[in-house]
Structures are given as structure tokens and as C-alpha cells.
Amino acid sequence: MIKHYFFCVLFGTALLPAYGQNVADYYRAPDRGHQYNRLLTRYGGPHIHDRWYVSLDGFVRTDRAHMNNSINGLIESDLVAKAGVGAVIGWSYRERWAVEGGYARMPIHTQVSIRNGSSPLVYRYTNGRDAFVLRGKRLLLSTSKPWLRSGFWLSGGLWLVPNGGQSEGRFSLLGYRYKGRNEASDTLRLVSQTRTGSRMTSMAELGAEYNVRLSDNIDLGFSVRKFWGLASSITTDVNYSVNRTLMQQAQLQGTGTGMSYGVTLRYTYAIRRNFPNALEVRGKRH
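All figures in this text were calculated on a predicted structure; none of them were measured in a lab.

1. Considering the overall build of the protein chain
Stage number 1. On a plain count of helices and strands, the protein chain comes out with 2 helices and 16 strands.
Stage number 2. Across the 286 residues in the protein chain, those meeting the buried criterion constitute 38%.
Stage number 3. Expressed as a percentage of contacts within the protein chain between residues at least 6 apart in sequence, the contacts between residues at least 24 apart total 71%.
Stage number 4. Accessible area for the protein chain stands at about 17,200 Å²; split by element, carbon and sulfur atoms hold 57% of it.

Here it is as C-alpha cells:
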């Protein structure tokens, strides 16, 4: 009787862990969602048919207005560096081609420096600061072959710059020049007028980018771009006169010609793939 009772106690003790665990736990499939996403990020590049994305660009842009006369070295056109920001929406095809369009807050400048001893006088003017771009891109070199997770891209685009034909500012400077003790002084006057263009202007762009895939939906990019202004967006006219007689004229034309250096954060919100499941990426089926 004692042996039978002892056997029942041992048997019941052995069954306690089994009651503590649901029967369905023995047959629960492992969660492969995280593993699936890792496979897509690592091996899914060649199997992506197309993707839609949005991106935010931050950059530093430089430009210098073209000047046709320095008035005997009296004035100069300065290089201007200014931070800007933009946003685009884009579509890529098979991770090798892309087209995107968007908006940037990107001013075009004229900046005049007037020699005045050791401390020149500086006057800076800008256009309306708005610009719209349509850009095409091509993957040149993948640095993660054959998965196309990162690589170098070549881009080319066209920018449209609206202009309002408005006056942006003016300056007027007065000075005197003495020829001799018994001679009257000459009155020197330097006057400027700045206006934006009355029509929409454009810029051409050629750029290089390096993009890195951080996840299946997020990319980080670094870009260098060259701009060529095709027409003047903002113009500064400077007149130099002596004793109210016009002696020389100069004109600064801000076309937007310059460079930009930027960082891009891109988010993919729609992806279409060419394979039914992630296991086919590695050529293994079970």
C-alpha cells in the first residue's frame, strides 16, 4: 500500500510541468517575421521590381553671380554659401533606374562687396527662394553586389525657378575725391538697383550620390551636385558717376550656377517584388 501511494506521488509530480505548458506550445511555429525582414533586406535587392519613396534633403549650396565689370576693382561679386532643405517623391525600377520630382527651398543670390579700406561694404540680395526639380538617376556601381543594398548613382535634372519681377533692394553711396589744395573736390556716387526676373528661369543639374540601405524601407544618401543657371533669376545693376556724370556701369546676374553638398534620408512606402517568398532568394526550398 505504501509503495502504491509513493508511486502515485512520483507520477503526479512528473505530470506537473506538462500541465503548466499548453499542448499547443509543442506545435507552435517559430516567429519568422524578423528573420523574413532580415532576408529581404540582405538578399532582396535583385528581386525588387519597383518601389515608391519619399525623401528629405538637407544641403549646403554655393553660388556666385556673374559680373561683367568691376569698375576698376571697386566692386566684387562674392561666393555665397547657404543651407537649404528640400523634399521629393520618387519611383525606382529594379534598383537601377529612378526618377523623382519635388521642391527645395534654395535661394539664388547676388552679393556685392565694395572696397572701403580694410572693411568692405557687403550687400546681399536673394530671389524668391523657391525651386522645383525633375531628376533622373542611374546606378553606376553597386558596393554590395549582387544584392544592390548600396552603391554610387549618377543623376541629372532640370530645375524650374519662379520669379515675381519684384524689387529686392537698393543702395546709394556718396564719396569725395580731392585733387589738390586749391581745387574743388569731385563727388563720387555709387547707386544700385536689384530686381528678380519677370519670367520663370531654369537650371541644369548633374550630380553623384552614394546611397546606403539601412533597412528594407530606409536609405541614407550623400550627394554632390553641380548647377548651371540657364538664365538670370535676380539682377543687380550698379552705376558709378562722378559729379553727376555717369562714368561706368556694372551688372551682376544671379543665375544659380554653383555647387551643393547634401545628405538625404529616404523612406520607401511601397515595394513590389518578383518572388513569392524569401526562401527563394537563397535558392533553397524545403
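Next comes the rest of the account.
2. Quick word on the nonpolar core
One recurring pattern in soluble globular proteins is that nonpolar side chains are buried together.
Stage number 1. Ranked by size, the top nonpolar core spans 26 residues in total, and within it Ile71, Ile75, Met106, Trp159, Leu190, Met203 and Val238 carry the most contacts.
Stage number 2. Looking at this core, the elements that each hand over two or more residues are strand E6 (109-114), strand E8 (130-142), strand E9 (150-161), strand E11 (186-196), strand E14 (234-242) and strand E15 (245-254).
Stage number 3. Looking at which element gives the most residues to this core, the answer is E14, with 4 residues.
Stage number 4. Excluding its chain neighbours within four sequence positions, the residues that come into contact with Ile75 are Met67, Asn69, Ser70, Val112, Ser113, Ile114, Leu190, Val238 and Ala250.

3. So, the pairing of strand E7 (residues 121-126)
Stage number 1. Bridging between E6 and E7 involves 6 bridges; their strand directions are antiparallel. Paired with Ile114 across the strands is Leu121, a residue of E7.
Stage number 2. Hairpin connection, E6 to E7: the antiparallel pair is bridged by 6 residues, and Gly117 has positive phi, about 75 degrees.

4. Concerning the sheet that holds strand E4 (residues 79-93)
Stage number 1. In spatial order, the strands read E1-E4-E5-E8-E9-E12-E13-E16; together these 8 strands close into a barrel with antiparallel pairing. Across the sheet, the axes of successive neighbouring strands diverge by a mean angle of 25 degrees, strand direction being ignored.
Stage number 2. Sheet topology places strand E1 (residues 48-64) next to strand E16 (residues 258-273); 15 bridges connect them, and they run antiparallel. Opposite Arg61, over in E16, you have Ser260 as the bridge partner.

5. Things to note about the environment of Asp216
Stage number 1. Topologically, Asp216 is positioned in the loop between strand E12 (201-213) and strand E13 (218-229).
Stage number 2. Asp216 gets classed as buried once you look at its relative accessible area, which sits at 12%.
Stage number 3. Each C-alpha atom, one on Asp216 and one on Thr268, is 7.9 Å from the other, the two residues being 52 residues apart in sequence.

6. A word on the pairing of E8
In regular strands, side chains alternate between the two faces of the sheet.
Stage number 1. Alignment of strand E5 (residues 97-105) against E8, held across 9 bridges, turns out to be antiparallel. Following the sheet pairing, Val99 is matched in E8 by Gly136.
Stage number 2. Relative to E9, E8 runs antiparallel, the two being bridged by 10 bridges. The partner of Arg138 across the bridge, within E9, is Leu154.

7. So, the sheet that holds E7
Sheet strands pair via backbone hydrogen bonds, and the direction of the pair is either parallel or antiparallel.
Stage number 1. One open sheet holds the 3 strands; their spatial order is E3-E6-E7, and the pairing between them is antiparallel. Looking at which strands have only one partner, the edges of the open sheet turn out to be strand E3 (75-77) and E7. On average, each strand axis in the sheet is inclined to that of its neighbour by 20 degrees, with strand direction left out of account.
Stage number 2. Two elements, E3 and E6, share 3 bridges in a ladder whose sense is antiparallel. Among the inter-strand pairings, Glu76 is bridged to a residue of E6, identified as Ser113.

8. Some details on the pattern of salt bridges
Pairing is possible between side chains of opposite charge, provided their charged atoms come close.
Stage number 1. Tallied over the full model, the rule gives 14 salt bridges.
Stage number 2. Across the pair Asp130 and Arg105 runs a salt bridge whose closest N-O atoms are separated by 2.8 Å. One end of the pair, Asp130, is in strand E8; the other, Arg105, is in strand E5, with 25 residues separating them in the sequence.
Stage number 3. Taking relative accessible area as the criterion, Arg105 reaches 36% and is therefore assigned partly exposed.
Stage number 4. Between Glu205 and Arg135 there is a salt bridge, with its nearest N and O atoms 2.8 Å apart.

Calculation criteria
Residues numbered from 1 in each chain as written. Predicted model: local features only at pLDDT ≥ 70, side-chain atom pairs only at ≥ 80, totals over all residues. Heavy atoms only, no water. Helix = DSSP H or I, 4+ residues; strand = E, 2+ residues; numbered from the N terminus. Buried < 20%, exposed > 50% of the residue type's maximum accessible area, 1.4 Å probe, protein only. Contact = heavy atoms within 4.5 Å. Areas by Shrake-Rupley, 256 points an atom, 1.4 Å probe, with all protein chains shown as cover. Core = buried A, V, L, I, M, F, W, Y, C linked by side-chain atoms within 4.5 Å. Pairing = 2+ DSSP bridges. Axes fitted to C-alpha atoms, helices over the stretch in contact; angles between N-to-C directions. Salt bridge = Lys/Arg side-chain N within 4 Å of Asp/Glu carboxyl O.

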